[in-house]
Amino acid sequence: MLQADMERKPIVKQCRGCAKIDGDFCSVWVSPPTKWRLGTCPTATHVKVEFHEQVQKVRVGQQKQKKK
Ligand code: SF4
């Protein structure tokens, strides 16, 4: 994943506590600020990713379905 020809950018404050920190850099991403700008870093080990499932109401036997 890491591209050698790209300049690595230092970790950001949101990275604190992550197991992927390698000195001042991230061992996974070239640019940690970019990962956090788009939301929570997808490979952060210290942040629990929460999924907000949409609760879908399923009506059974209450409505007749239209014939196609
Ligand atoms: S994996 Fe994500 S949170 Fe962890 S150091 Fe890298 S950019 Fe930061």
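On a predicted model such as this, the values are computed, not experimentally measured, just so you know. (Residues numbered from 1 in each chain as written. Predicted model: local features only at pLDDT ≥ 70, side-chain atom pairs only at ≥ 80, totals over all residues. Heavy atoms only, no water.)

S.K.: What exactly am I supposed to notice about the site of the ligand here?
M.R.: Surrounding the ligand, one finds Cys15, Cys18, Lys20, Ile21, Cys26, Trp29, Pro32, Trp36, Cys41, Thr43, Ala44 and His46. Using a 2 Å cut-off from the grid points, one finds that the ligand occupies the largest cavity. Taken together, the residues that form the shell around the ligand break down as 9 nonpolar, 2 polar and 1 charged. (Near = heavy atom within 4 Å. 1 Å grid on protein atoms, 1.4 Å probe; cavity = no way out; pocket = protein on both sides within 12 Å on 5 of 7 lines; lining within 4 Å. Sits in = over half its atoms within 2 Å of the grid points. Nonpolar A, V, L, I, M, F, W, Y, C, P; charged D, E, K, R; others polar.)

S.K.: I keep staring at the pattern of salt bridges and nothing clicks. Help me out?
M.R.: For side chains of opposite charge, pairing can occur when their charged atoms come near one another. Tallied over the full model, the rule gives 1 salt bridge. The residue Asp22 makes a salt bridge to Arg8 at a minimum N-O spacing of 3.7 Å. With Asp22 in strand β1 (residues 21-22) and Arg8 in the segment before β1, the pair connects residues that are 14 residues apart, well separated along the chain. Judged by its relative accessible area of 43%, Asp22 is partly exposed. Look at Arg8 and you get partly exposed, because its relative accessible area is 29%. (Salt bridge = Lys/Arg side-chain N within 4 Å of Asp/Glu carboxyl O. Helix = DSSP H or I, 4+ residues; strand = E, 2+ residues; numbered from the N terminus. Buried < 20%, exposed > 50% of the residue type's maximum accessible area, 1.4 Å probe, protein only.)

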